[in-house]
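Below, each chain spelled out in residue letters.
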Amino acid sequence: MTEHPSLNKKQKQLEPFIRDTFNQEMSSNEGIKIADDENSLKAGDRGPTLIEDFFAREKLAHFDRERIPERVVHARGYGAHGEFELYKSLSEVTMADFLQDPAKKTPLFVRFSQVIGSRGCNETVRDVRGFSIKFYTDEGNFDLVAINIPVFFIQDAIKFPDLIHSVKSEPDNEYPQGQTAHDTFWDFMGSNPETTHMALWIMSDRAIPKSFRTMEGFGVHTFRFVNKEGISHFVKFHVKPLLGVHTLIWDEAQKLGEDADFHRRDLWTNIEMGNYPEYEFAVQIIREDQEFIFDFDILDPTKLWPEEIVPLQKIGKITLNRNVDNAFSETEQSALHPGNIVRGIDFSNDPLLQGRLFSYSDTQKARVGVNYQQIPINRPVCPVFNNQRDGASRYVIDRGKVSYHNNILADNTPSEVPVKDGGFVTYPSTVQGMKERKTAPLFKDHYSQARMFWNSMSAVEREHIIGAFGFELGSCLSSAVRQQMVNRLARVSRELAEPVAKKVGVTVPEVEESTVTRSTPAVSLMNTIFVADTLKIGVFLADGFPGHEVESILKQWKDAKLHPVIVSNNLGEVSGTGGVKLKVEQSFLTGSPLKYDGVYLVGGTGADDYFHNQARKFIGVVYTHFKPIGARKECISLLEDMDINGKPGVVIEEDAQFGRKFTEVMAKQRFWERPSYLYYV
Ligand code: HDD
């Protein structure tokens, strides 16, 4: 077999397992060549099927078992392969092998997911997104099982089943699918005050990401880095997209129900086009002796470490550069586990993390089987030898008699590895106290960071959060549930609670409101990165469009890494002046105003009523979603007719500078100055 030169270690390991059926002869799983795959073996041409037909039996019986249980949470997910490159050695704080040498590239696999829905649910619902990364390091697998929000709902793993029971479809009528807008979820949230901070995050637009490429990842928990001298630091892990964090708005998210695969389609096509998603891997580090100096407990997963207090250090780059060959074999069978750590990384006593350490390996055994770590996607790239044996669907053939330790028959091998030679050693942290079921004092402050989050939001973000609460609580049938949640919000901020209460028909009680004045600008999406790269422009062309001018603008945009998509009445070709012909990629039927980040209206002498009506319809939606609109001068009357000419983010092509000007407008992405009543209420 010829090896592709750019295959990394993990891809080389996967290669022998990849089977390409193209141009091959058909056989049964036992290798018998199949002469007829159309007709089962029957007694006569109308007769009953004979049970001796081993081809039909095998095919049907295998089909009957094609599904495995979906994940209890994060069932819908999408994976891609990639690599991690370190910027500079972190040997001062950790001995983790993959964080030592900037020249070393570490292969990785990412699985993005949404928490609530079943495997087939719509991808743009309001939900937390999973951002799990398996780093295949030379010293074993390190899994960062992260989400796109830096905090979590609860503080103790024993409450996880309750949280999930409340958020999944209600058990009697089994709706809604994959979303939070229902009574049991908001009953849980209102009844469990530790969820308050998270409630604000999930009502922000973070819970309706625009794409996996524009999503942050957070390890949430405090972990430890441990260096060669045995010195430990507390660490939180972050993943920051180089395109910035961008989200949908609620109206788009709902309408995008028209494309249940919106996020996976975006990831797959961008990787296929060579627009490899890039993220910076970052850490926040706290010295051991700083454990108790903050006004929050660093073990509490409902609290973040404000970046102004604990700065973020960018330590390397993650690039996703290869789609999977088979979504089931790779993505569905991938088994992530926050307990998969490598030497140089260790756990903290965060009680949520401690519980997770049990649950993930347990669920993988139930879902994939006891030998799930031997499935190609889950195998480490370093050697694995131990005395574990057998179990369902064992792949490895262990030679020899000895499967126990200690022994003399095999020279006491596989041998333990002394710590000085790379053996894992648990950080010897001091543990003391009574055995008791209790919550630490600072864990009980449920409102300070929720208020800090609210303080950090821009006016637009606040409006969206209020709107989201209005929709979510408004969807709850029980007024007691709505009231209890508003009571909770009143403790964060009356400015938030009052408009929400009004929208959902309840009142704001006289309760003590948080007095926290601190804000943390890093959490506001207004402070993210804004670039034009890979943004899609729908270019509306009709026959007779100005050929060379359009060609030249398309070239400028492609050079600026924008992605123009030609849209017209029908697929095929559209003909411009000067003999220019362009391929139509989407018709008004197959395209959608929801799928372009901006539009450019050109038209042409051949534009008919259908073209004008469709262009108008698309532009109307794009305008209400605050996105850029460009148009040739000849089209001004249409914009005037729609009363949007001269409005923010609407640019008329007046001179040769248009291509560049529109690129800048695209990079801004949304023009919030447009009135918001256009999409809410
Ligand atoms: Fe979890 C899956 C993230 C708390 C139990 N979780 C799962 C996935 C992500 C997270 C991204 C999908 C993994 C994949 O792509 O296969 N979970 C989190 C985060 C948490 C968290 C960031 C808190 C900070 N989870 C949590 C708790 C428990 C679980 C407290 C149980 C005690 N999570 C699971 C699970 C899942 C899972 C049931 C379902 C499928 C799987 O593990 O592989 O074990």
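Residues numbered from 1 in each chain as written. Predicted model: local features only at pLDDT ≥ 70, side-chain atom pairs only at ≥ 80, totals over all residues. Heavy atoms only, no water.

Looking at an unreviewed UniProt entry, the protein chain carries the name Catalase, with the source organism given as Cohnella cellulosilytica. What UniProt states about the protein chain under its Cofactor (unreviewed entry) heading is, verbatim, "heme". The record in UniProt for the protein chain states the following under Function (unreviewed entry): "Decomposes hydrogen peroxide into water and oxygen; serves to protect cells from the toxic effects of hydrogen peroxide." (UniProt positions renumbered as here; feature names shortened; annotations may be inferred.)

S.K.: Help me understand the site of the ligand, please; the structure alone is not making it clear to me.
M.R.: Within the structure, the ligand sits among 22 residues, and R71, R111, R356, Y360 and Q364 are positioned closest to it. Taking R71, its side chain carries an N or O atom lying 2.8 Å from an oxygen atom of the ligand. Here an oxygen atom of the ligand sits 2.7 Å away from a polar atom, N or O, in the side chain of R111. Secondary structure elements with two or more residues in the shell around the ligand: β3 (129-137), β4 (140-147) and α9 (351-367). Among the elements that take part in the shell around the ligand, α9 stands out by supplying six residues, more than any other. A breakdown of the residues in the shell around the ligand according to their chemical character gives twelve nonpolar, seven polar and three charged. (Near = heavy atom within 4 Å. Polar contact = N/O pair within 3.5 Å; in protein donor to acceptor, adjacent residues only side chain to side chain. Helix = DSSP H or I, 4+ residues; strand = E, 2+ residues; numbered from the N terminus. Nonpolar A, V, L, I, M, F, W, Y, C, P; charged D, E, K, R; others polar.)

S.K.: Could you clarify how one ought to interpret the packing of aromatic side chains in this entry?
M.R.: To describe a pair of aromatic rings, you give the distance between the ring centres and the angle between the ring planes. As enumerated under the stated definition, the model contains 34 aromatic pairs in all. Ring centres 5.3 Å apart and planes at 75° place the aromatic pair F131 and Y279 in the edge-to-face group. In this pair, F131 sits in strand β3 while Y279 sits in strand β8 (residues 278-287), placing the two residues 148 residues apart along the sequence. With a centroid separation of 6.2 Å and an interplanar angle of 85°, the aromatic rings of F153 and F185 are classed as edge-to-face. Of this pair, F153 sits in the loop between β4 and α3 (160-167) while F185 is found in helix α4 (residues 183-191), placing the two residues 32 residues apart along the sequence. (Phe/Tyr/Trp six-rings, centres within 6.5 Å; stacked < 30°, edge-to-face > 60°.)

S.K.: What exactly am I supposed to notice about the domain arrangement of the protein chain here?
M.R.: Put simply, an interface is often sized by how much accessible area is lost when its parts join up. When its domains are assigned, the protein chain resolves into domain 1 (9-64), domain 2 (76-378), domain 3 (442-527) and domain 4 (536-678). Taken over C-alpha atoms, the centre of domain 3 sits 39 Å from the centre of domain 4. (Domains from an automatic or database assignment.)

S.K.: Before we go on, may I ask you to explain the coordination of the iron atom of the ligand in this structure?
M.R.: The expected angle between donors at a tetrahedral four-coordinate metal is 109.5 degrees. At an octahedral six-coordinate metal it is 90 or 180 degrees. On the protein, Y360 (OH) is the one donor atom to the iron atom of the ligand, at 1.8 Å. Along the polypeptide, Y360 turns up in helix α9. (Donors = N, O, S within 2.8 Å, 3.2 Å for Na, K, Ca; no water.)

S.K.: Before we go on, may I ask you to explain helix α11 (residues 459-474) in this structure?
M.R.: For the α-helix, the turn length of 3.6 residues means that residues three or four positions removed from each other point alike. Taking 1.5 Å as the rise per residue, α11 with 16 residues should run 22 Å; its terminal C-alpha atoms sit 22 Å apart, in good agreement. Within α11, twelve of the 16 residues are buried, which leaves it mostly tucked inside the rest of the structure. Taken residue by residue, α11 has V460, E461, R462, H464, I465, I466, G467, A468, F469, G470, E472 and L473 as its buried positions. Those residues of α11 hidden inside the fold are in contact with α4, α5 (196-203), α10 (448-456), α12 (479-492) and α13 (494-504). (Expected span 1.5 Å × (residues − 1). Buried < 20%, exposed > 50% of the residue type's maximum accessible area, 1.4 Å probe, protein only. Contact = heavy atoms within 4.5 Å.)

S.K.: I keep staring at the environment of G400 and nothing clicks. Help me out?
M.R.: With respect to the helices, strands and loops of the structure, G400 is situated in the loop between α9 and α10. Measuring from C-alpha to C-alpha, the distance between G400 and A410 comes to 8.7 Å, with ten residues separating the pair along the chain.

S.K.: What exactly am I supposed to notice about the pattern of salt bridges here?
M.R.: It is possible for side chains bearing opposite charge to pair when their charged atoms get close. Scanning the model with the defined rule gives 52 salt bridges in all. Between K240 and E307 there is a salt bridge, and its shortest N-O distance comes to 3.6 Å. In this pair, K240 sits in strand β7 (residues 232-241) while E307 sits in the loop between β8 and β9 (312-323), placing the two residues 67 residues apart along the sequence. Its relative accessible area of 12% is what places K240 among the buried residues. (Salt bridge = Lys/Arg side-chain N within 4 Å of Asp/Glu carboxyl O.)

S.K.: Explain the UniProt feature "domain: Catalase core" (unreviewed entry) in the protein chain to me, please; I cannot follow it from the model alone.
M.R.: UniProt annotation of "domain: Catalase core" (unreviewed entry) refers to residues 27-413 when read in the numbering used here. Helix makes up 20% of residues 27-413 and strand 20%, and the two end C-alpha atoms of the span are 42 Å apart.

S.K.: In this structure, what is going on with the nonpolar core? I would like to understand it.
M.R.: General note: in soluble globular proteins, nonpolar side chains tend to be found buried as a group. Among the nonpolar cores identified, the biggest contains 55 residues, and F153, W186, M189, I202, F469, V486 and L496 are the most heavily contacted of them. For this core, the two domains that each supply at least three residues are domain 2 (76-378) and domain 3 (442-527). Once residues lying within four places of it in the same chain are set aside, the contact partners of L496 are L200, W454, I465, I466, F469 and L489. Among the nonpolar cores identified, the runner-up in size contains 39 residues, and F84, A146, I318 and V342 belong to it. (Core = buried A, V, L, I, M, F, W, Y, C linked by side-chain atoms within 4.5 Å.)

S.K.: What is the right way to look at unusual backbone geometry in this model?
M.R.: Glycine aside, negative phi is the norm for most residues, and most peptide bonds take the trans geometry. Residues Y175 and P176 are joined by a peptide bond in cis, for which omega reads 0°. Examined against the element boundaries, P176 turns out to sit in the loop between α3 and α4. Going from H405 to N406, the amide bond is cis rather than trans, its omega being 0°. Along the chain, N406 turns up in the loop between α9 and α10. Despite not being glycine, D390 shows a phi value in the positive range, around 65°. Examined against the element boundaries, D390 turns out to sit in the loop between α9 and α10. The phi dihedral of K561 falls on the positive side, at around 70°, and the residue is not glycine.

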